[in-house]
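# Fold and geometry: a report
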Amino acid sequence: MTKRIQVFLAGAFIAVGSLCAQSSDTDWKSQVAKLKETIQSNPEQAEEEAKELIKGKNKKNIDLLIAIGRAYLDADNLSEAKDYASRARKVDGKSAAASLLEGDIAIKEQDAGKASQKYEEAIYFDPHCTEAYLKYADIYKASNSDLAIQKLQELKALEPDNVEVERKLAEIYYYKNDFKNAIGAYATFAAGAEATEEDLSKYAFALFLNHEFDKSLEIVNKGLQKNANNAAFNRLAMYNYTDLKQFDLALQAADKFFKECNKADYSYLDYKYYGFLLSALKQYDDAVKQFEKAIEMDSTQTDLYKEISSAYEDKEDYKKAVAAYKKYFDTVETQGLDLQFQLGKLYYGAGTQKDSLTITPEERKGALMAADSVFTTIAELAPDNHLGNFWRARTNAALDPETTQGLAKPFYEEVAKLLESKNEARYKSALIECYKYLGYYYLLAIENPALQAEAQANKDKSIEYWEKILAIDPTDAIAKQALGGLK
């Protein structure tokens, strides 16, 4: 055989070998795909088929060995998966793919330490092993987010245009409540075709939580163009429009969310926002129902009793407002003066409400007595603050509507004395109220037969208070009228 023929035949054999390799590669991939089904239905047959696949030259086909290992891993047969990972490792001790498989097996075994070690190993063998970076980050995204972010930043430096890196960074920032950085990461790919509906909804929610309501709505509307019945987008539309006080649009979004959305998984926050929206639209009874649903879903949301109370207060149903507020009040660990003050005001509202059909005279008096008790406590705890005695004065004035007993007099006097000593412009309105009551009290005393001996003194006192009012507000019509009748 001539040398020329030998060279030709050698080339032919190389070409045939190459074609055979390509054919074989395609063949084993299809067989591994079938093997995945057989592992589940007939493990013994699958074992035999796997052994057939790796006979001969395929014993050292590392891609095939890893593919079979992954098929077993997907079927939760970890012992066989480990066996094939070991075989791959013997073929190439520096295989990043083998390290990646070993890491994935460790994840199934819930051995995060070993898994992270194997992913680090894969990165060492192949610095561009993207999956290893991402899976390493998954391990630490909850327990050590900074470490996860650091690993992703290493990959980002190598692959600055990799969308999966930005997606994972965004996810980690999102779950650690670092919404500013989450927004920055989502913004890098949200405008592109790679962004999924889930990406857009998380991006919009991060913007919402960062109080960027207009921008959040922009992303929401982009998502709604993709899927008009997506629950997450309609939910966020309701939230954002409510916070932007665009209540008509918020109501449209709420109707869509609660009535038409696919697979809507309602949360307490959904009902809470719906309650806020309905309250803003003065649909108080419906708002209360939504707040109550929110509490049913999450019993820790006791702050919502305060919202229920506010809805009833706006409706001027003070009995129910008091009852709801007491539920809230009783759950608060530190019942500060501000909370007590609101309770007192609600009792006062119940005792002075105009609608006599919802409350009996006895209930009115009881509410006012309860208010007086609350304001007494406030006056004792904060003697330098005028509000306790000021509201005691108002409450006692309501208990003595004809001012025949002068029940409010000592409290208005106490308040006037305190505010005069402060000499601040912001207290002018409160001072005028004190002076009007006292001026009127002494005006009535002038005509009281039992006090005729003091008539002149009472007249002088009345004039004094009306003049004090005019010193603050020279245009006060009531003070002018009273003085006109006295002089």
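I will try to describe carefully the structure that is included in this document. (Residues numbered from 1 in each chain as written. Predicted model: local features only at pLDDT ≥ 70, side-chain atom pairs only at ≥ 80, totals over all residues. Heavy atoms only, no water.)

Let's shift gears to unusual backbone geometry. Backbone geometry at lysine 245 places phi at a positive 60°, although glycine is not the residue there. In this structure, lysine 245 sits in the loop between helix 13 (231-243) and helix 14 (247-260). Phi at threonine 403 is positive, roughly 55°, even though this residue is not glycine. By the secondary structure assignment, threonine 403 is in the loop between helix 21 (387-399) and helix 22 (409-422). On the basis of relative accessibility, which here comes to 10%, the residue threonine 403 falls in the buried class. (Helix = DSSP H or I, 4+ residues; strand = E, 2+ residues; numbered from the N terminus. Buried < 20%, exposed > 50% of the residue type's maximum accessible area, 1.4 Å probe, protein only.)

Okay, the packing of helix 10 (residues 179-187) against helix 11 (residues 197-209) next. Two quantities define a packed helix pair, namely the angle between the axes and the distance from one axis to the other. Contact geometry of helix 10 with helix 11 gives a least axis separation of 9 Å together with a crossing angle of 145°. The handedness of the crossing between helix 10 and helix 11 is left-handed. The residues of helix 11 that touch helix 10, namely those facing Phe179, Ile183, Tyr186 and Ala187, are Asp199, Lys202, Tyr203, Ala206, Leu207 and Leu209. Considered class by class, the residues forming the contact of helix 10 with helix 11 number 8 nonpolar, no polar and 2 charged. (Axes fitted to C-alpha atoms, helices over the stretch in contact; angles between N-to-C directions. Left-handed = near helix turned anticlockwise from the far one by under 90°. Contact = heavy atoms within 4.5 Å. Nonpolar A, V, L, I, M, F, W, Y, C, P; charged D, E, K, R; others polar.)

Right, let's get into the packing of aromatic side chains. Following the criterion strictly, the structure yields 31 aromatic pairs and no others. Measuring from ring centre to ring centre gives 5.9 Å for tyrosine 273 and phenylalanine 276, while their planes differ by 80°; the resulting arrangement is edge-to-face. Here tyrosine 273 and its partner phenylalanine 276 are both found in helix 15 (residues 268-280), 3 residues apart, which amounts to about one turn of the helix. The exposure class assigned to tyrosine 273 is buried, which follows from its relative accessible area of 11%. Judged by its relative accessible area of 26%, phenylalanine 276 falls in the partly exposed class. Of the aromatic side chains, those joined through ring pairs into one cluster are Phe205, Phe208, Phe213, Tyr239, Tyr273, Phe276 and Phe291. We note lysine 151 situated over the ring of tyrosine 136; from NZ or CZ to the ring centre the distance is 4.9 Å. Arginine 394 extends its terminal NZ or CZ atom over the ring of tryptophan 391, reaching a point 4.6 Å from the ring centre. (Phe/Tyr/Trp six-rings, centres within 6.5 Å; stacked < 30°, edge-to-face > 60°. Lys NZ or Arg CZ within 6 Å of the ring centre and 35° of its normal.)

Attention shifts here to the nonpolar core. Ranked by internal contacts, the top residues of the largest apolar core, which has 124 residues, are Met238 and Tyr412. In terms of residue count, the dominant contributor to this core is helix 23 (residues 428-447) (10 residues). Apart from residues no more than four positions distant in its own chain, methionine 238 is found in contact with Ala250, Ala253, Ala254, Phe257, Phe258, Asp270, Tyr273 and Tyr274. Of all hydrophobic cores here, the second largest spans 24 residues; its members include Leu64, Ala75, Ala81 and Leu101. (Core = buried A, V, L, I, M, F, W, Y, C linked by side-chain atoms within 4.5 Å.)

Among the secondary structure elements, glutamate 109 is positioned in the loop between helix 5 (96-108) and helix 6 (112-125). Judged by its relative accessible area of 33%, glutamate 109 falls in the partly exposed class. C-alpha separation for the pair glutamate 109 and aspartate 76, spaced 33 residues apart in sequence, amounts to 9.9 Å. When near neighbours in sequence (up to four residues on either side) are disregarded, glutamate 109 contacts Leu78 and Lys82.

Time to look at the environment of tyrosine 274. Summarising the element assignment, tyrosine 274 is placed in helix 15. Linking tyrosine 274 and phenylalanine 291, residues 17 residues apart in sequence, is a C-alpha distance of 8.1 Å. When near neighbours in sequence (up to four residues on either side) are disregarded, tyrosine 274 contacts Met238, Leu251, Ala254, Asp255, Phe258 and Gln290.

With that out of the way, let us pick up helix 11. The end-to-end C-alpha distance of helix 11 is 18 Å, a good match for the 18 Å that 13 residues give at a rise of 1.5 Å each. Of all 13 residues in helix 11, 10 are buried, a share of seventy percent or more. Along helix 11, the residues classified as buried are Asp199, Leu200, Ser201, Lys202, Tyr203, Ala204, Phe205, Ala206, Leu207 and Phe208. Considering only its buried residues, helix 11 is in contact with helix 9 (163-175), helix 10, helix 12 (213-226), helix 13 and helix 15. Of the residues flanking the end of helix 11, it is histidine 211, one or two places downstream, whose phi is positive at about 65°. (Expected span 1.5 Å × (residues − 1).)

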